[in-house]
Amino acid sequence: MPVQQTKFKKSYRFATITSFYITLYITLLLVAFLLFFSNIEFWEIPIFAISTYLFCFIVIQFRVEHFIYRRVKKIYDDLTLLESAKLTKGAITTDMHTLTQEIDKFARDKKLEIETLKVREQYRKEFIGNVSHELKTPLFTVQGYILTLLDGAMDNKEIREKYLERASKGIERLSYIVQDLDMITKLEVGDLRLSIEDFDIVELVENVFDMLEMKAAKKKITLTFDMNYKKPIFVRADKERIQQVLINLIVNSLKYGSEKGTTEISIENLIKNKVIVRVTDNGEGIEKPHLPRLFERFYRVDKTGSRKEGGSGLGLSIVKHIIEAHDEKIYVESEYNVGSEFSFTLEKTE
């Protein structure tokens, strides 16, 4: 109990010294009254009482203020060590209500900071684990094929060509992951500058359809508009990045779309200077619990960790960052076993 004993001793010392001052003053005052006024009159008693009261008030106020101030100052000094710049900006106050409010605010801020750090730490652990998993799978695959070839399978022409093709696909997958990681890092730190221009979004969608025509044909999925857009619709954005957004969303719909299904693009006026581009499919859909985390890096709806459809696992996260870099919004709606719709807004020009 050494800490409590120290606190008691400090309070006793404070009370002892204060009491000594008051006792000394009253004694001296009483002696003075007895010396100068041998016969004490009635009116002299109130003077004695008032002077005693004033002195006690001054001594107690000064002593208590000084006593509290020293301890409050120690609290401020301790908080300064914790880098509480906001708390130490103003003058030190001995008002307990104000001090309590500031301490409560400091505690809430620190609690929020700690909770944020815990969330970030958990996110960091998940991210490192996901990166490790995404890189490990194609690396081990490529390593396995190469080792098999070195162990003697290289002499068989058919096996050699087949394994080299598979190893090439594994390296291609690694390349996608590294490129997407580089891009998403630049987007997050703001190093990737947007080249804003006016362009026809209808024409851009048609170009993306042409690029992905063969990929869609493999699953017999039809790429189509919701209607015949006879007039161009001009938007203001980074054409190359919006093309990447469309490619990622359409490729995603092809991966998880139903065979002989449809991926439909619609472009609608949202408000006077905004359009909303919708990418809708009738694929397997996404269950609601997964929707809030769908745009996280490497987040997998399939918890088994398998990626039979390939890809870097960063496509939707990149889409979100590109759209947000344009100060626009992206939305997702999905119903399991019915289909999904991803939509994003763009600034419209006349």
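Residues numbered from 1 in each chain as written. Predicted model: local features only at pLDDT ≥ 70, side-chain atom pairs only at ≥ 80, totals over all residues. Heavy atoms only, no water.

- Where an unreviewed UniProt entry is consulted, the protein appears under the name histidine kinase, with the organism given as Algibacter miyuki.
- One UniProt comment on the protein, placed under Catalytic activity (unreviewed entry), says "ATP + protein L-histidine = ADP + protein N-phospho-L-histidine." (UniProt positions renumbered as here; feature names shortened; annotations may be inferred.)

### Some words on the pattern of salt bridges
Move 1: Across all of its chains, the model carries five salt bridges by this definition.
Move 2: Of the charged contacts in the structure, one is a salt bridge between Glu268 and Arg278, with a shortest N-O distance of 3.2 Å. Residue Glu268 is located in strand 4 (residues 262-271), and its partner Arg278 is located in strand 5 (residues 274-281); the two are separated by ten residues in the primary sequence.
Move 3: Note that Glu324 and Lys320 form a salt bridge whose closest N and O atoms lie 2.9 Å from each other. Of this pair, Glu324 and Lys320 both sit in helix 8 (residues 315-325), four residues apart, which is roughly one turn of the helix.
Move 4: Judged by its relative accessible area of 40%, Glu324 falls in the partly exposed class.
Move 5: For Lys320, a relative accessible area of 26% puts it in the partly exposed group.
Move 6: One salt-bridge network, held together by shared partners, links Glu268, Arg278 and Glu341. (Salt bridge = Lys/Arg side-chain N within 4 Å of Asp/Glu carboxyl O. Helix = DSSP H or I, 4+ residues; strand = E, 2+ residues; numbered from the N terminus. Buried < 20%, exposed > 50% of the residue type's maximum accessible area, 1.4 Å probe, protein only.)

### Some remarks on the side chain of Thr263
Move 1: Following the sequence through the fold, Thr263 ends up in strand 4.
Move 2: Owing to a relative accessible area of 0%, Thr263 belongs among the buried residues under this scheme.
Move 3: In this structure the side chain of Thr263 is engaged in a polar contact, spanning 3.0 Å, whose partner is the side chain of Ser253.
Move 4: In contact with Thr263, other than residues within four places in its own chain, are Ile221, Thr222, Leu223, Thr224, Ile250, Ser253, Leu254, Val279, Thr280 and Asp281. (Polar contact = N/O pair within 3.5 Å; in protein donor to acceptor, adjacent residues only side chain to side chain. Contact = heavy atoms within 4.5 Å.)

### Notes on the side chain of Glu341
Move 1: Within the secondary structure, Glu341 sits in strand 7 (residues 339-348).
Move 2: Separated by 3.1 Å, the side chains of Glu341 and Thr280 make a polar contact.
Move 3: In this view, Glu341 contacts Arg278, Val279, Thr280, Tyr331, Val332 and Glu333; residues no more than four positions away in its chain are not counted.

### Looking at the environment of Ile146
Move 1: As for its placement among the helices and strands, Ile146 is situated in helix 3 (residues 96-150).
Move 2: Residues Ile146 and Leu164, spaced 18 residues apart in sequence, show a C-alpha to C-alpha distance of 7.7 Å.

### Let's talk about the confidence of the model for the protein
Move 1: Chain-level pLDDT for the protein is 77 on average; 73% of the residues reach the 70-or-more range.
Move 2: Confidence scores differ between elements of the protein, with helix 1 (residues 2-36) showing the lowest mean pLDDT of 65 and strand 3 (residues 234-238) the highest of 93.
Move 3: Taken together, the stretch residues 84-89 has pLDDT below 50 and engages in nine contacts with residues farther than four places along the chain or on a different chain. (pLDDT = per-residue confidence, 0-100.)

### Here's the deal with the packing of helix 5 (residues 201-211) against helix 7 (residues 239-256)
Move 1: Remark: helix 5 packs on helix 7, axes separated minimally by 10 Å, with the N-to-C direction vectors making an angle of 50°. In terms of orientation, helix 5 and helix 7 fall into the oblique class. As for how helix 5 packs across helix 7, the hand of that crossing is right-handed. Residue-level contacts link Ile201, Leu204, Val205, Val208, Phe209 and Met211 of helix 5 to Lys239, Ile242, Gln243, Leu246, Ile247 and Ile250 of helix 7.
Move 2: For the contact of helix 5 with helix 7, the class distribution of residues is ten nonpolar, one polar and one charged. (Axes fitted to C-alpha atoms, helices over the stretch in contact; angles between N-to-C directions. Parallel < 35°, antiparallel > 145°, perpendicular 65-115°, else oblique. Left-handed = near helix turned anticlockwise from the far one by under 90°. Nonpolar A, V, L, I, M, F, W, Y, C, P; charged D, E, K, R; others polar.)

### A closer look at helix 7
Move 1: Here helix 7 spans 26 Å end to end across 18 residues, near enough to the 26 Å set by a 1.5 Å rise per residue.
Move 2: With 14 of 18 residues buried, helix 7 lies mostly within the body of the structure. (Expected span 1.5 Å × (residues − 1).)

### Overview of a positive patch on the surface
Move 1: A cluster of basic residues, Lys162, Arg166, Lys169, Lys215 and Lys218, forms a positive patch at the surface.
Move 2: Counting only elements with at least two residues in the positive patch, the list comes to helix 4 (157-189) and helix 6 (213-218).
Move 3: Of the residues forming the positive patch, the biggest block, three residues, is contributed by helix 4. (Patch = residues over 30% accessible without salt bridge, like charges linked within 9 Å, V, L, I, M, F, W, Y side chains within 5 Å. Areas by Shrake-Rupley, 256 points an atom, 1.4 Å probe, with all protein chains shown as cover. Lys, Arg positive; Asp, Glu negative; His and termini not counted. Charge placed at Lys NZ, Arg CZ, Asp CG, Glu CD.)

### Description of the pairing of strand 5
Move 1: Of all the eight residues making up strand 5, seven are buried; the element is thus mostly covered by neighbouring parts of the structure.
Move 2: Note: strand 4 against strand 5, eight bridges, orientation antiparallel. From the neighbouring strand, Ile267 faces strand 5, where its bridge partner is Val277.
Move 3: Between the antiparallel neighbours strand 4 and strand 5 lie two residues.
Move 4: The pairing of strand 5 with strand 7 spans eight bridges and is antiparallel. Bridge pairing links Val275 to Leu346 in strand 7. (Pairing = 2+ DSSP bridges.)

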